[in-house]
Amino acid sequence: MTNERIAALKSFYLSELTDDNIPFWLRHGLDREFGGLMDFLDFKGEPLSTDKGGWIQGRFTWVLSRALEALEGKLAPAERAEWLEAARLMADFVRDKVLAGPGGRAYFELTREGEPLVLRRYLFSETFAIIGLAQYAKLTGDRSYLDKALETLAVYEANRGKLAPKIDPAVRRMRGHSETMILINVFQVLRSCDPERAADYTAKIDAQIEELFRWFVKPGERVLLETVNEDGSRAEGSEGRCVNPGHCLETAWFLMEEGRYRGDEALVRRALPIVEWSLERGWDRDFGGIFSFVDLDGRMPAQIEWDMKYWWPHCEATYACLMAYALTGEARWERWFETLHDYTWKRFPDRVNGEWYGYLRRDGAIANDVKGNHYKGAFHIARFELYTGLLLDAMLQNGTGMAALSGPETLRRLAGSAS
């Protein structure tokens, strides 16, 4: 990839973030009266409901806070002030409303005013509240938001594995990959935002990585499974054969990011096969794009929507392949990045009304034209655009390869060794 191509891509990705994605959500979703984000929007950005999803509140708090941190000095003063006020409205809604559940739990759905509607038996709303509040604390220097994030982490850890599961554990005890995946990223964010405890967070990341490779990664079958039996063996039926390519690719770049941070090439090399396997199974050779679900044995997946092309796996896949290329310099990853980049940007963006369509049929036709709901909100696309722009900038400044792109912790360690 030439420097000219890298520079053009960097400009493209960051302008998509600052000129399209974040302005769309501030214009149509931000609730300046009650705080938080109205996330259920039609294709023009008009609200289909004023109820607010718990996932999206923490996620958009993180997006705004991380973008403000990363783009320091690159936003016009008025734009920065608008984003900062939006981040405050988001963080306060998360702290005061989303995290007002029993025992400090996070609600999955609330009214516009913040009255509770749904408390689920999953802990994902908690994880997104943690990263949002921690990132806002780092941005503003207000320790109280970090304290609330850490309180919520304690709530998460106290409840993990103790809430009523979907399947009766007396009959079948199972493990899900998604919690392990999310916790890697949660602790990465906390380590950045709470550096005094960096060693503790790194140890927690190590524990999640060990879980991942012990239970879910199956090199002999060239797969990262979504659900397994408690002992890591294949579970019964379609659920035990389920592969979620988007989750696999997201996990892979979390691992590569950790390898980059530590300067640990061996960890990067452990992640790369997951990218390879997931593209082998997940790429639609007839129409292009990433399937939502595939069956390990090549049988019909249980999910009716298995062949739909969702927005978020394409974000994760494209970024994972760019990171693989950046860290290895291998041409195959550059080719995959360009293929995914072309597919994604030709099909998902709405150049008339802004933002992206999220749900395509197998052939790329629009299946549902909503711009937001309690799952598709202001997160995956914005994170993809921001992180891709930042990685391209690092490539432009430093080149490719582990030595060029290792994180600050590695550089400090190398400097200490040299001295």
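Preceding this section is the structure that the text describes.
Keep in mind that this is a model prediction, so the values were computed, not measured.

1. As for the environment of Arg95
Structurally, the position occupied by Arg95 is in helix H3 (residues 77-98). With a relative accessible area of 27%, Arg95 lands in the partly exposed category.

2. Points about the packing of aromatic side chains
A complete count under the given rule lists 31 aromatic pairs for this structure. Centroid distance Trp55 to Phe108: 6.1 Å. Interplanar angle 85°. Geometry classified as edge-to-face. Highlighted residues: Trp55 in helix H2 (residues 54-70) and Phe108 in the loop between H3 and strand S2 (109-110), separated in sequence by 53 residues. The exposure class assigned to Trp55 is buried, which follows from its relative accessible area of 15%. For Phe108, a relative accessible area of 8% corresponds to the buried category. Above the plane of the ring of Phe128 lies Arg59, whose end atom (NZ or CZ) is 4.2 Å from the centre. Over the aromatic face of Phe108 sits the side chain of Arg120, whose NZ or CZ is 4.6 Å from the ring centroid.

3. A closer look at the packing of helix H4 (residues 124-140) against helix H5 (residues 143-159)
The geometry of a pair of packed helices is captured by two quantities: the angle between their axes and the separation between those axes. Contact geometry for H4 and H5: axes closest at 8 Å, N-to-C directions at 160°. Taken together, the axes of H4 and H5 are roughly antiparallel relative to one another. Judged by the sense of rotation from one axis to the other, the crossing of H4 with H5 is left-handed. In contact with Glu126, Thr127, Ile130, Leu133, Ala134, Tyr136 and Ala137 of H4, H5 contributes Tyr145, Leu146, Lys148, Ala149, Thr152, Leu153 and Tyr156.

4. Some words on helix H9 (residues 245-262)
Between its first and last C-alpha atoms H9 spans 26 Å; for 18 residues at 1.5 Å apiece the expected length is 26 Å, and the two agree. Burial analysis of H9 places 17 of its 18 residues in the buried class, which makes it a mostly covered element. Downstream of H9 by one or two residues, Gly263 has phi in the positive range, about 70°.

5. Section: unusual backbone geometry
Positive phi values are uncommon outside glycine, yet Arg222 reaches one of about 55°. Counting through the fold element by element, Arg222 comes out in the loop between strand S5 (217-218) and strand S6 (223-224). Here Glu355, not a glycine, exhibits a phi torsion of approximately 60°, which is positive. Examined against the element boundaries, Glu355 turns out to sit in the loop between helix H12 (331-347) and strand S11 (359-360). Residue Glu355 is classed as buried on the basis of its relative accessible area of 1%.

6. Overview of H4
An ideal rise of 1.5 Å per residue puts 24 Å on 17 residues; H4 measures up with 25 Å between its terminal C-alpha atoms. Just beyond H4, the residue with positive phi is Gly141, at close to 80°.

7. Some details on the pattern of salt bridges
Applying the stated criterion across every chain, the model contains 44 salt bridges. A salt bridge links Glu151 to Lys148; the nearest nitrogen and oxygen atoms lie 3.7 Å apart. Of the two residues, Glu151 and Lys148 both sit in helix H5, 3 residues apart, roughly one turn of that helix. Residues Asp206 and Arg262 are paired through a salt bridge, measuring 2.8 Å at the closest nitrogen-oxygen approach. Here the residue Asp206 occupies a position in helix H7 (residues 198-216), and Arg262 occupies one in helix H9, the gap between them amounting to 56 residues. The exposure class assigned to Arg262 is buried, which follows from its relative accessible area of 17%.

Definitions and limits used
Residues numbered from 1 in each chain as written. Predicted model: local features only at pLDDT ≥ 70, side-chain atom pairs only at ≥ 80, totals over all residues. Heavy atoms only, no water. Helix = DSSP H or I, 4+ residues; strand = E, 2+ residues; numbered from the N terminus. Buried < 20%, exposed > 50% of the residue type's maximum accessible area, 1.4 Å probe, protein only. Phe/Tyr/Trp six-rings, centres within 6.5 Å; stacked < 30°, edge-to-face > 60°. Lys NZ or Arg CZ within 6 Å of the ring centre and 35° of its normal. Axes fitted to C-alpha atoms, helices over the stretch in contact; angles between N-to-C directions. Parallel < 35°, antiparallel > 145°, perpendicular 65-115°, else oblique. Left-handed = near helix turned anticlockwise from the far one by under 90°. Contact = heavy atoms within 4.5 Å. Expected span 1.5 Å × (residues − 1). Salt bridge = Lys/Arg side-chain N within 4 Å of Asp/Glu carboxyl O.

Purely spatial values, then, with no claim about function.
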